[in-house]
Amino acid sequence: MPNVVFSGGDSMIPMARDFARNGCGIVSLYPPDADRLRNADIQSAVPLASMVDSIINERANYEAAYAIRDILDGLPENEVFSLLDPKMVERVQYLVPSYLIDNLKNLAMVVLCLDKLKPDGIILHNDVESIPRLAAMWAKARGVPCLHLPHAVYLEQKNRAPVGCDVHDLVTASHLACAGWFQRQWYFERGFPSENIIEVGIPRMDKLCNMKMERDRIYDIFKL
């Protein structure tokens, strides 16, 4: 049975439901999303964390420890740290492991769980935050299609830094579902291949099309 990994909120539910109806296993990148999907009658939905076993847990500990060791080994030679007082460097060396160990272990677990699951596709609400970006990077490294469905349209800002300076300029997913021509052009200018972009509107706004509301309720919401 093919498996599809999802991240995101309610806007992803109709798509996940369609995949489930077509015989796909639905796996959520974040545990709370699995509950949300099951509450939406996608009873087969499970969190990616369900892949964790004793082997993955031990391997993740090792991966995090090795990464921290490499980071600490490089601190004395780091150009920035060479300007600090030795006592400050020692303080950083003391704090870094406690700060990183849980975060790096969680990231290692995501990779190991994806390796175990071997999903056929990944659909993300963003590829900017650490965990969804890691999932997109995993997909790119293993030739698995990854669709980014942006949760908003990014606007150009006055006096904005050049393209490449903002975190949103770094596109990791292999495919993109954009809201329209403006967003298509926005991503194209950031090096995203046009043939991998499809215009679908903004799914999270679809519910507004069929929303029915009494006049008194509208007045209350908008304080008219």
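Fair warning: this is a prediction, and the values are worked out from it, not measured in the lab. (Residues numbered from 1 in each chain as written. Predicted model: local features only at pLDDT ≥ 70, side-chain atom pairs only at ≥ 80, totals over all residues. Heavy atoms only, no water.)

Draft legend 1. Quick peek at the overall build of the chain. Secondary structure assignment for the chain yields 7 helices and 7 strands. Looking at the chain as a whole, 34% of its 224 residues are labelled buried. Within the chain, counting contacts between residues at least 6 apart in sequence, those at least 24 apart form 56% of the total. A total accessible area of about 14000 Å² is found for the chain, and carbon and sulfur atoms account for 57% of it. (Helix = DSSP H or I, 4+ residues; strand = E, 2+ residues; numbered from the N terminus. Buried < 20%, exposed > 50% of the residue type's maximum accessible area, 1.4 Å probe, protein only. Contact = heavy atoms within 4.5 Å. Areas by Shrake-Rupley, 256 points an atom, 1.4 Å probe, with all protein chains shown as cover.)

Draft legend 2. Structural context of helix α4 (residues 86-117). Counted at 1.5 Å a residue, the expected span for α4 with its 32 residues is 46 Å, and the 45 Å between its end C-alpha atoms agrees. Along its length, α4 shows its largest kink, about 40°, at Leu-100. By the burial criterion, the buried members of α4 are Val-89, Val-92, Val-96, Leu-100, Lys-105, Ala-108, Met-109, Val-110, Leu-112, Cys-113, Leu-114 and Leu-117. In the stretch just after α4, Lys-118 is the one whose phi turns positive, near 55°. (Expected span 1.5 Å × (residues − 1). Bend = angle between axes of the 7 residues up to and from the residue.)

Draft legend 3. A look at the pattern of salt bridges. Across all of its chains, the model carries 8 salt bridges by this definition. With a closest N to O distance of 3.8 Å, Arg-190 and Glu-189 form a salt bridge. (Salt bridge = Lys/Arg side-chain N within 4 Å of Asp/Glu carboxyl O.)

Draft legend 4. Structural detail: unusual backbone geometry. Even without being a glycine, Asp-41 presents a positive backbone phi close to 70°. Within the element layout of this structure, Asp-41 appears in the loop between α2 (31-39) and β3 (46-47). We note that Lys-118 has phi near 55°; this positive angle belongs to a residue other than glycine. Structurally, Lys-118 can be placed in the loop between α4 and β4 (121-124). Given the relative accessible area of 59%, Lys-118 is considered exposed.

Draft legend 5. Structural detail: the pairing of strand β2 (residues 25-28). Burial along β2 is two-sided: Gly-25 and Val-27 and Ile-26 and Ser-28, pointing in opposite directions, are all buried. Remark: the strand β1 (residues 3-6)/helix α1 (residues 13-21)/β2 crossover connection has right-handed handedness. Pairing analysis gives 2 bridges linking β2 to β3, with the strands arranged parallel. Residue pairing for β3: Ser-28 is matched across the bridge by Pro-47. (Right-handed = clockwise from strand over helix to strand, strands pointing away. Pairing = 2+ DSSP bridges.)

Draft legend 6. Summary view of the sheet that holds β2. Taking strand neighbours across the sheet as the criterion, the 7 strands line up as β3-β2-β1-β4-β5-β6-β7 in an open arrangement whose pairing is parallel. Strands at the two margins of the open sheet, each flanked by one partner only, are β3 and β7 (197-199). Relative to strand β5 (residues 146-148), β4 runs parallel, the two sharing 3 bridges. In the sheet register, Ile-123 faces β5, and the bridge partner there is Leu-147.

Draft legend 7. Structural detail: the packing of aromatic side chains. Taken as a whole and assessed by the stated rule, the structure comprises 5 aromatic pairs. Ring centres of Phe-6 and Phe-19 lie 5.9 Å apart, and the angle between their planes is 75°; this geometry places the pair in the edge-to-face category. Pair noted here: Phe-6 is in strand β1 and Phe-19 is in helix α1, with a separation of 13 residues, a long-range link. Summarising the aromatic geometry, the rings of Trp-186 and Tyr-187 are spaced 5.0 Å apart at their centres and angled 75° between planes, so their arrangement reads as edge-to-face. A connected cluster of aromatic rings, assembled from ring pairs, spans Trp-186, Tyr-187 and Phe-192. Here the guanidinium or amino end of Arg-190 rests over the ring plane of Trp-186, the centre of that ring lying 3.6 Å away. (Phe/Tyr/Trp six-rings, centres within 6.5 Å; stacked < 30°, edge-to-face > 60°. Lys NZ or Arg CZ within 6 Å of the ring centre and 35° of its normal.)

Draft legend 8. Looking closely at the environment of Leu-117. By the element assignment, Leu-117 lies in helix α4. Look at Leu-117 and you get buried, because its relative accessible area is 13%. Distance from Leu-117 to Leu-48, taken between C-alpha atoms, is 8.2 Å for residues 69 residues apart in sequence. In this view, Leu-117 contacts Asn-3, Val-5, Val-27, Leu-48 and Met-51; residues no more than four positions away in its chain are not counted.

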